[in-house]
Amino acid sequence: MTKKKGLLDFVAETTFIHILFSIILGFAVGAVFLAVMGLSIGEAYGRLVSSVTSLKGFTYVVVYSVPYIVAGLSVAFSFKTGVFNIGAEGQFVMGSIAAACVGILFGNLPKILLIPMCFAAAMAAGALWGIIVAFLKTKWGINEVLSMIMFNWIAFYLSNFIAGIPAIHSDGNAEATKNISSNASMLFSKEFTKSAGLAPTFNWGFIIAIVITILVWLVIEKTTLGYELKAVGANRHAAEYGGINVNRSILTALAISGALAGLAGSLQLMGMGNRISVFSSQEGFGFAGIVVALMGCSNPFGVLIAGVFYGALIYGGSKLNLVGAPTQLINVIVGTVVFFISISVIFRNLKYLKKTKATGTKSGEAAK
Amino acid sequence: MSKEHVDMNVPVIEMRNIVKRFGDFVANDGINLTVHKGEIHAILGENGAGKSTLMNQLYGLLKPTSGDILVKGQKIDMNTPRDAIEAGIGMVHQHFMLVQPFTVTENIVLGTEPVKGIKLDMATARKNVVDISQRYGLSIDPDARIEDISVGMQQRVEILKALYRGADILILDEPTSSLTPQEIEELIGIMHNLTADGKSIILITHKLKEIKESADFCTIIRMGKYIDTVDVDSVDENDLASMMVGRKVTFQVDKPEQAPGKVILDVRDLHGVDYRGVEILKGLNLQVHAGEIVGIAGIDGNGQTELVEILTGLRKGTRGDATVNGVSIFNKSPDFGFIHGVSSIPADRQKHGLVLDFSIEDNLILQNYERNPFSRKGFLQRTPIFSHASQSISQFDIRPAGSEKRPAGTLSGGNQQKVIIAREVQNDKDLLIAVNPTRGLDVGAIEYVHKYIVHQRNKGKAVLLVSFELDEIMSLSDVIDVIFDGKIVCSIPGREANENDLGLMMAGGKKE
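### A word on the overall build of chain A
Regarding its fold elements, chain A presents 17 helices and 0 strands. Across the 368 residues in chain A, those meeting the buried criterion constitute 48%. Sequence-distant contacts, at least 24 apart, represent 77% of the contacts inside chain A between residues at least 6 apart.

Rendered as structure tokens:
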């Protein structure tokens, strides 16, 4: 087009630029808060950057980012297939408690057996949580968003209940499960992390996250399964017409998405947590997955990068109190970023609205 | 047609040497257009010739790269549709822009609602709307909700919307593409009422018959270039068609005589209900033989839609049977029907025919993505998928060339239909069901679609053609079955049919 492109057009047309723009706005809003509190913006953001760029700091970031990446992949996968997996939170919780049970009860099994068993239990539990919701949707047309939110709470209380069962519950005073067997842990050896100057919690989870990223990409882009699920997501009528079983596709999509969220739960447990606490509120890894999927444009590799970025914010944010800034500031920044990404529709429509508001031509579309 | 209502001394629209480029692509290359007061001016061109681009510039949605636009003698810089509206231009888009849950009155006054204090003055609004509608003979129900009224009435609402905003120059973009023959006749009457009152109308279309019936002048555009402006009285449909596509067009379908073969599709005592659960198919019987085109003629709502949905596996019937080559496809999945010999060109190409976000190459394998050679062990094989698309694009003349990876949604309607035709013809099943296969297409594309439908018949395939275009049914069918009230009420050889008898039987009357 020969028409001169304004900043608005540019931001609206390029998803990546739009996301970058949202991130910058997020930090700008954070800066306003810092200024209001009378803190140095340079010092606070400087601390944020320095805490995640050292070798040790960066390995912490990597460790933090693993559950966010895999939960993000879970949500991104659901976006691609036309369902919105807001239930990743519950699937994550189910995955982690299932892995914990296996890791505690079968602690004597060798690593090579126990770790895959934990993963399998976690993925099965997450998938089950997804399938139930998908079944309710395809069988009786129950809105999946509503049932997922309910299932998040069911998972939350179920996890607390299981953590209280004597065979699982901690022998000490802690309101938590026992620690999982060291055979279920994915940590690198203490000697290695210490001598290499890495974070002591550095573990195999990151490698697994990368492998899962590639697998998800392969499934979405290269397989007939991905074709089928995307077709149902993009136009279920045409997919049905073309002979695709739409209900089976929705079940499959939510099962896979749920399995990924469950896996994310086990990675968090076996890489970092080591045990499951009795929660007083939802931990929010699954909800963070939604944020990461949005930031990553639902592209698996985008999610990988967004997950690391999110991990950096969370880890770096925890160091902000060293300069007197509240840790909550990071939540303000994240919230703002998400806000601007989610209102991308407005960015896209703003220039269009400018053109058509006089005619009301947008109204028909808006009503659909 | 007499031109007494046209005031040739008063040009209301002058577009001079309009050029519009999108990057390297020249959509409009030096187009001239003059429209006078009281004139109906048709703009004729194939799908993608640049008609809509030209009109979008007149309506302020796009800015010309170069060239001038004069409205009523004044040069106007059209930046937004507001400028166009202020200059007295109104546009009725092909796809209506109406708020479905609002009433007719609410839609018409939307944005310019009369107020009393801080309250909406709906009584005045309603009165104004009724006044204008009576003045131009646009019959509407001011209190009906848009979602409850017919497509024809929705269009009248769109026209009223423009008139309500004071338009005296109306742009109608493909206004007849979704109307029934009766509604088209009504629309032409309305257009004449408007021009008699001094309004001017620009009619974007590719339907030659309607141009002959309604327009005074016609400007022809081909591949973005200005071809000519002609007095409609001085040309016939063949002249217009050849100017539009740049070559001679044959309306006659070349169809050799051939004896039908064995029964392919056999529908027995079919019963079914519509989306409300009301019985709409009431014991329908139908047969289609190999090497035969059976046309279903009927007024919309007599069960054609449900018949096709049952045959393609999208809807469950309540009773009866339907077999293809002796295998029952009744109440089976779409895939089952496909495997046993059913392919179809669906009525709604954007809803059922294509996944618009998918590329052309992916749309071309919609039923075959799981089969050799397009996938192996669950992995899509991109090389055969791409070469299949390349070959289809050249064989079926899908434009633009080289669009294998382009989303189907970016193609023009005619080319979208070609993608579906390419897919279904290459599926090469024993039965082809085609539903309104040429709706919204230009003559070039229609000729093309007809050629392939007849081609399948000549190859010995059975074709079931469902269409609201009687001309299409009559020119293609070997046998015409008239559907009325959920049954086939009569079956006559295609060459013995005439429009009057068919019309009578479609309305439930008996042939004398």
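### Here we look at the overall build of chain B
Of regular secondary structure, chain B possesses 17 helices and 24 strands. With the C-alpha coordinates aligned to their principal axes, the bounding extent of chain B is approximately 70 × 50 × 50 Å. For chain B, the proportion of its 512 residues judged to be buried stands at 47%. Considering only contacts in chain B between residues 6 or more positions apart, those separated by 24 or more positions represent 67%.

### As for the domain arrangement of chain A
Residue and element names in this part refer to chain A. We note that the domain assignment places domain 1 (1–37 + 326–356) and domain 2 (55–319) within chain A. Placing a centre on the C-alpha atoms of domain 1 and another on those of domain 2 gives a separation of 28 Å. Taken residue by residue, the interface counts 10 residues in domain 1 and 8 residues in domain 2. Every element with two or more residues in the side of domain 1 that touches domain 2 is listed here: helix H2 (15–36) and helix H15 (329–342). Among the elements that take part in the side of domain 1 that touches domain 2, H15 stands out by supplying 7 residues, more than any other. Looking at the side of domain 1 that touches domain 2, its residues break down into 7 nonpolar, 3 polar and no charged.

### Some words on the interface of chain B and chain A
On the side of chain A, 27 residues touch chain B, which itself brings 40 residues to the contact. Those elements giving two or more residues to the side of chain B that touches chain A turn out to be strand S1 (7–22), helix H2 (81–86), helix H10 (334–339), helix H11 (349–353) and strand S20 (379–380) of chain B. Considered class by class, the residues forming the side of chain B that touches chain A number 22 nonpolar, 10 polar and 8 charged.

### Remarks on unusual backbone geometry
Cis geometry is adopted by the peptide bond preceding Pro373(B), which originates at Asn372(B) and carries an omega value of -5 degrees. In this fold, Pro373(B) is placed in the loop between helix H12 (360–363) and strand S19 (375–376). In the Ramachandran plot, Cys297(A) falls in the positive-phi region, its phi being about 55 degrees despite a non-glycine side chain. Among the structural elements, Cys297(A) can be located in the loop between helix H13 (285–295) and helix H14 (300–317). Unlike most non-glycine residues, Asn17(B) shows phi in positive territory, near 50 degrees. Counting through the fold element by element, Asn17(B) comes out in strand S1.

### As for the sheet that holds strand S23 (residues 479–484) of chain B
All names here are of chain B. Pairing is mixed in the open sheet, where 6 strands are placed in the order S18-S21-S22-S15-S23-S24. A single partner strand is all that each edge strand has here, and the edge strands are strand S18 (342–345) and strand S24 (487–493). Ignoring which end each strand starts from, the neighbouring axes of this sheet average 20 degrees apart. Strand direction decides the pairing type here: strand S15 (residues 292–297) and strand S22 (residues 462–466), joined by 5 bridges, are parallel. Residue isoleucine 296 lies in a different strand from S22, and its bridge partner there is valine 466. Running at roughly 145 degrees to strand S21 (residues 431–435), helix H9 (residues 304–311) makes contact with S15, S18, S21, S22 and S23 of the sheet. Those strands touched by helix H17 (residues 499–506) are S15, S23 and S24, and its axis lies near 30 degrees from that of S23.

### Considerations on the domain arrangement of chain B
Structurally, chain B comprises domain 1 (1–88 + 168–249), domain 2 (97–165), domain 3 (253–341 + 431–512) and domain 4 (348–428). Relative placement of domain 1 of chain B and domain 4 of chain B: their C-alpha centres are 33 Å apart.

### Considering the pairing of S23(B)
Residue and element names in this part refer to chain B. Here S15 runs beside S23; their pairing, made up of 4 bridges, is parallel. When the sheet's bridge partners are listed, valine 294 is paired in S23 with valine 479. Sheet analysis places S23 next to S24, joined by 6 bridges and oriented antiparallel. Each residue of the ladder has a partner; that of aspartate 481, found in S24, is serine 491.

### Focus on the environment of Asp442(B)
Residue and element names in this part refer to chain B. Turning to its location among the elements, aspartate 442 is positioned in the loop between S21 and helix H15 (443–458). Accessibility expressed as a C-beta count within 10 Å gives 25 for aspartate 442, which makes it buried. Note: C-alpha distance between aspartate 442 and threonine 205 (237 residues apart in sequence) is 8.3 Å. Each residue touching aspartate 442, except ones within four places of it in the same chain, is listed here: Glu46, Asn47, His206 and Gly414.

### Considerations on the nonpolar core
One recurring pattern in soluble globular proteins is that nonpolar side chains are buried together. Core analysis: the largest hydrophobic core is formed by 250 residues, its most contacted members being Val70(A), Ala71(A), Val292(A), Ile89(B) and Leu465(B). Sorting elements by how many residues they give to this core places helix H4 (residues 55–80) of chain A first, with 14 residues. Not counting the four nearest positions on each side in its chain, Val292(A) is found in contact with Tyr68(A), Ile69(A), Ala71(A), Gly72(A), Val303(A), Ala306(A), Gly307(A) and Tyr310(A).

### Some thoughts on the confidence of the model for chain B
The share of residues in chain B with pLDDT of 70 or more is 98%, and the mean pLDDT across the chain is 88. Both scores are available for the predicted complex, with the pTM at 0.74 and the ipTM at 0.76.

Each value, and the rule that gives it
Residues numbered from 1 in each chain as written. Chains lettered and ligands numbered in written order. Predicted model: local features only at pLDDT ≥ 70, side-chain atom pairs only at ≥ 80, totals over all residues. Helix = DSSP H or I, 4+ residues; strand = E, 2+ residues; numbered from the N terminus. Buried ≥ 20, exposed ≤ 12 C-beta atoms within 10 Å, placed from the backbone. Contact = placed C-beta atoms within 7 Å. Domains from an automatic or database assignment. Nonpolar A, V, L, I, M, F, W, Y, C, P; charged D, E, K, R; others polar. Pairing = 2+ DSSP bridges. Axes fitted to C-alpha atoms, helices over the stretch in contact; angles between N-to-C directions. Core = buried A, V, L, I, M, F, W, Y, C linked by C-beta atoms within 7 Å. pLDDT = per-residue confidence, 0-100.

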